[in-house]
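Each chain is listed here by its residues.
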Amino acid sequence: MMSIIKVEDIAHVCFAAPDIAKMQSFLTDFGLDSALHNDGRLYARARDGIPFNHVTERGDPGFKALGLRAANIEDLELLAATENVTVEDLHTPGGGKIVRLTDPDGFLVEVVADQTHHAASTLPAESARNSARSKARQHDTVRLAQGPSHIMRLGHCVLNVSDFRRSERWYKERFGFITSDEIEASPDVAIGAFMRCDRGDQPTDHHTLFLAQLPQKPGFLHAAFEVANMDDLMVGHAHLKSRKRDAAWGVGRHILGSQIFDYWRDPWGHELEHWTDGDLFSADDGSHKASVNDLLAVQWGMPSPILSGTLAPSSKILGFVMALNIRFRQFFRRKSDTAN
């Protein structure tokens, strides 16, 4: 499938919250540096030099926008011309240019380019590791500084959509995403896909965007930030716990993407993930199909809250319900189209 452009990566996620100071306090504990801008919004950034990765504007709690990064202004101009919109100046930290689009579920998608980057911050020194196979650390100790995790970058965003195939087509046609793993609730009934950027021979994250069609209203599910390493993730976990922040799921290792993960909720319930040690694939690594169990199960660690508890359903039952939900929606959509 030919796309209008091929985005390089995710750029940012944007939220609204009624208390900017309360959000800033959480983001500090989570490991992001933030500051108020003259537009009244709170801009938070990781350590990779990108001018901002997380934005908060004052208002009723909610998800406001997904940001993607284009390779250059020429790509923005091509996208704008094809979509019959304009390229605008970006009046935010780092400046640059922006094209604003709306996806099939009404999510605002902000495509940016030509931002001015900061110098990347250094990460904490990483000690050599001893294992049964290799004793790389000798005559030395491990001593970890306590505090928030060191977040290097924003890695991906997960959205719940009303019609997976429609949304998948929309994002792929415009931004060149490649499916890494498509999730099937039952044979030939897809409920979502982990999608990576197409950067040719350059390996990229297993997923930059995950679209899911779950039996709930469309909305934001989570955004994920890469931390320095597993020790850093665990130190951050301890820090957030000591600050009595709201833990959502973790620590564990996913099956799809292989990430070691740790999910937390901001004061208004938006889930943000720390992760490390994820899979990387290039464009020619292909696509695969996976099950609901592959999506929700873990290789080790805390099980998914959906599958936890004495009355929790099995992944097979969940898959059946999800497939049934999609079939019902497809049936009534066809009936509506026929009536019109």
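Here, the structure is the one placed above.
Residues numbered from 1 in each chain as written. Predicted model: local features only at pLDDT ≥ 70, side-chain atom pairs only at ≥ 80, totals over all residues. Heavy atoms only, no water.

Draft legend 1. Layout of the pattern of salt bridges. Following the criterion strictly, the structure yields 23 salt bridges and no others. Between glutamate 8 and arginine 69 there is a salt bridge, with the nearest N and O atoms lying 3.6 Å from each other. Taken together, the positions of glutamate 8 in the segment before strand S1 (9–17) and arginine 69 in strand S5 (residues 62–69) put the pair 61 residues apart, joining distant regions of the chain. Arginine 69 sits in the buried class, given a relative accessible area of 16%. The salt bridge partner of aspartate 89 is lysine 97, with a shortest N-O separation of 2.3 Å. We classify aspartate 89 as partly exposed; its relative accessible area is 43%. Bridged by salt links that share partners, the residues Asp9, Arg153, Asp205 and Glu226 form one connected network. (Salt bridge = Lys/Arg side-chain N within 4 Å of Asp/Glu carboxyl O. Helix = DSSP H or I, 4+ residues; strand = E, 2+ residues; numbered from the N terminus. Buried < 20%, exposed > 50% of the residue type's maximum accessible area, 1.4 Å probe, protein only.)

Draft legend 2. Geometry of the packing of aromatic side chains. Applying the stated criterion to the full structure yields 15 aromatic pairs. Ring centres 6.1 Å apart and planes at 70° place the aromatic pair phenylalanine 63 and phenylalanine 107 in the edge-to-face group. A residue pair is termed long-range when its members are at least 10 positions apart, and phenylalanine 63 in strand S5 and phenylalanine 107 in the loop between strand S7 (97–102) and strand S8 (108–113) qualify at 44 residues. Note on accessibility: phenylalanine 63 and phenylalanine 107 belong to one class, buried. Look at tryptophan 170 and tyrosine 171: their rings are 4.8 Å apart centre to centre, the planes differ by 75°, and that puts the pair in the edge-to-face class. The pair tryptophan 170 / tyrosine 171 is uniform in exposure class, with both members buried. An aromatic cluster is present here, built from Phe15, Phe63, Phe107 and Phe220 joined pairwise through their rings. (Phe/Tyr/Trp six-rings, centres within 6.5 Å; stacked < 30°, edge-to-face > 60°.)

Purely geometric numbers; function is a separate question.
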